[in-house]
Amino acid sequence: MTLREAHPTSVDESFRSLADKLAAAMRGWEAEGGEWSDEAFEALARSAFQLQYDGNEAYRRYCERRGVTPAGVTKWTDIPPGPV
């Protein structure tokens, strides 16, 4: 059972919150002339990974097989790409 199946409202709220943060970051990026700080990108990438890990069972299993969990990610390049 995925987190979304167990707690659909929580996942939807988390997704909306992340979408709002990303939209605000994009507006700031445009206003700043296309520059994002490494810290801002890192925070968004880790938040997106946590949400995908919690809400997508197939992706979570893929990450677990690779030995990667949100707690173990120290930089965005540690996040496994989605399998194609």
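Use the structure listed above.
Residues numbered from 1 in each chain as written. Predicted model: local features only at pLDDT ≥ 70, side-chain atom pairs only at ≥ 80, totals over all residues. Heavy atoms only, no water.

Re the packing of aromatic side chains
Filter applied, for reference: Aromatic pairing here means that ring centres of Phe, Tyr or Trp (its six-membered ring) are within 6.5 Å. Orientation follows from the plane angle: under 30 degrees is stacked, over 60 is edge-to-face, and everything else is tilted. Counting from the N terminus, the helices are DSSP H or I runs at least four residues long and the strands are E runs at least two residues long.
Taken as a whole, this structure holds four aromatic pairs when the rule is applied. Seen in terms of ring centroids, Phe 49 and Tyr 59 are 6.0 Å apart; in terms of plane orientation they differ by 90°. Their pairing is edge-to-face. With Phe 49 in helix H3 (residues 38-55) and Tyr 59 in helix H4 (residues 57-65), this pair connects stretches of sequence that are ten residues apart. A connected cluster of aromatic rings, assembled from ring pairs, spans Phe 49, Tyr 53, Tyr 59 and Tyr 62.

A look at the environment of Ser 47
Heads up, the rule is: Throughout, exposure labels follow a simple rule: accessible area from a 1.4 Å probe, protein chains only, divided by the maximum for the residue type, with under 20% read as buried, over 50% as exposed, and the rest as partly exposed.
Inspection of the secondary structure puts Ser 47 in helix H3. Assessed through its relative accessible area of 31%, Ser 47 is described here as partly exposed. For the pair formed by Ser 47 and Lys 21, sequence separation is 26 residues and the distance between their alpha carbons is 9.8 Å.

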